[in-house]
Amino acid sequence: MSLAEYSERNGLRRVGARPSLPKYLAEAWRRRDFAIAMARYKIEASNERNRLGMMWIFIKPTLNALMYGVIFGVLQGSNRPENFPIYVVIGVFLFEFFSTSMTAGAKSITGNGSLVQSLAFPRITLPVSTVIQQLMTLVPMLAVMAVYILILGAPITVEWLLIVPLLAIFTVFNMGVALIGARLTVHIRDLTQLLPLITRILFYTSGVLFSIDRILKNHPWAVRLFDFHPLHEMLSIARGVLMPGMTYQPVYWLYFTVWAVLVFMAGVLFFWSAEERYGRVD
């Protein structure tokens, strides 16, 4: 009788062996308090290191919106979208949630090597925890964004409530991106050096600072391609919900939901399939 047969007969399992996907997700769900507690701890630790603490959560996107708004407002001239200050505020604040989720999620395994190597737990909780952390950070940012929108002249409407389901879908999408990035950086460490470049490319190609319809009005085929850009869809919905007179294609809800579900499912499967690898992080 071989060792493998003997182990199977006696119910022995290899240490660190990857469980089935249902068992893996069930175990991760049981560790949800751990993921939430880690997210809160990281927020508190980050605030304690900065003299202004929580204020940086508001200062950073505010300065970014101001800087990009001035520069791109001048560069675009007559091609600026209507209510350009509100347009930029919404774009910058919401894209911040995506960029920080992607960057922090991608580093969640390689940046926690000691924890990964010393404790047995579903490693999926680490990238999920980073997205929860960014979601917790986003909540006060949304309050500040709402104040800015009101100051800039947009009224509160019942449509603002639609931002809640939109953010739920957005969070699912970001979790999928974080999971994919977390595994890729385990295999390709140099990818972390490319993350800022990838973030910039997505920032400038998702319509954060300009109207796709106006900038590409002479290239209708290119405008059509942006109908399938998930970040552009998300920003279009958010602006249509929060900005007066701004319209969007209702089908974007369907498109973005499909994107979120597919990316999340792909992220879970992609991350889970390499679960045994993470314990060998150098």
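Worth saying up front: this structure is predicted, and the values here are computed from it rather than measured.

Here is what the cut-offs are and how they apply
Residues numbered from 1 in each chain as written. Predicted model: local features only at pLDDT ≥ 70, side-chain atom pairs only at ≥ 80, totals over all residues. Heavy atoms only, no water. Axes fitted to C-alpha atoms, helices over the stretch in contact; angles between N-to-C directions. Helix = DSSP H or I, 4+ residues; strand = E, 2+ residues; numbered from the N terminus. Parallel < 35°, antiparallel > 145°, perpendicular 65-115°, else oblique. Contact = heavy atoms within 4.5 Å. Nonpolar A, V, L, I, M, F, W, Y, C, P; charged D, E, K, R; others polar. Salt bridge = Lys/Arg side-chain N within 4 Å of Asp/Glu carboxyl O. Buried < 20%, exposed > 50% of the residue type's maximum accessible area, 1.4 Å probe, protein only. Phe/Tyr/Trp six-rings, centres within 6.5 Å; stacked < 30°, edge-to-face > 60°. Lys NZ or Arg CZ within 6 Å of the ring centre and 35° of its normal.

S.K.: Which parts of the structure should I look at to understand the packing of helix 5 (residues 84-106) against helix 7 (residues 125-151)?
M.R.: Where helix 5 contacts helix 7, the two axes come as close as 9 Å, and the packing angle between them is 170 degrees. As the angle between them shows, helix 5 and helix 7 are arranged roughly antiparallel. Mapping the contact onto sequence places Ile86, Val89, Ile90, Phe93, Leu94, Glu96, Phe97, Thr100, Ser101, Ala104 and Gly105 in helix 5 and Pro127, Thr130, Val131, Gln134, Leu135, Leu138, Met141, Leu142, Val144, Met145, Tyr148 and Ile149 in helix 7. Its residues placed into classes, the contact of helix 5 with helix 7 shows 17 nonpolar, five polar and one charged.

S.K.: Before we go on, may I ask you to explain the pattern of salt bridges in this structure?
M.R.: Applying the stated criterion across every chain yields a total of five salt bridges. Residue Glu27 is joined to Arg31 by a salt bridge in which the shortest nitrogen-to-oxygen separation is 2.9 Å. According to the relative accessible area criterion, Arg31 is partly exposed, its value standing at 28%. Put simply, Glu275 and Arg123 hold a salt bridge, and the shortest N to O gap is 3.9 Å. Taken together, the residues span a long stretch of sequence, with Glu275 in helix 14 (residues 275-278) and Arg123 in the loop between helix 6 (113-118) and helix 7 at a distance of 152 residues.

S.K.: Honestly, the packing of helix 2 (residues 21-30) against helix 13 (residues 251-272) in this entry has me stumped. Any pointers?
M.R.: Think of two packed helices as two axes; the pair is described by the angle between the axes and how far apart they sit. Helix 13 packs onto helix 2 with a crossing angle of 100 degrees between their chain directions and a minimal axis gap of 11 Å. By the angle between their axes, helix 2 is roughly perpendicular relative to helix 13. Residues Leu21, Tyr24 and Leu25 of helix 2 touch helix 13, and the partners they reach there are Val268, Leu269, Phe271 and Trp272. Looking at side-chain class alone, the contact of helix 2 with helix 13 contains seven nonpolar, no polar and no charged residues.

S.K.: Please explain the side chain of Asn174 as it appears in this structure.
M.R.: With respect to the element layout, Asn174 can be found in helix 8 (residues 163-187). Overall, the relative accessible area of 0% leaves Asn174 in the buried class. Apart from residues lying up to four places away in sequence, Asn174 is in contact with Phe97, Phe98, Ser101 and Val131.

S.K.: In this structure, what is going on with the packing of aromatic side chains? I would like to understand it.
M.R.: Where two aromatic rings form a pair, the distance of their centres and the angle of their planes describe that pair. For the structure shown, the criterion picks out 11 aromatic pairs. Judged by centre distance (6.4 Å) and plane angle (40 degrees), the rings of Tyr252 and Tyr255 are tilted. Here Tyr255 and Tyr252 lie together in helix 13, a separation of three residues that amounts to about one turn. Among the residues examined, Tyr255 registers a relative accessible area of 23% and is labelled partly exposed. Every member of this aromatic cluster is reached through a ring pair, and the members are Phe95, Phe97, Phe98, Phe170, Phe173, Phe203, Tyr204 and Phe256. We note Arg123 situated over the ring of Phe121; from NZ or CZ to the ring centre the distance is 5.2 Å.

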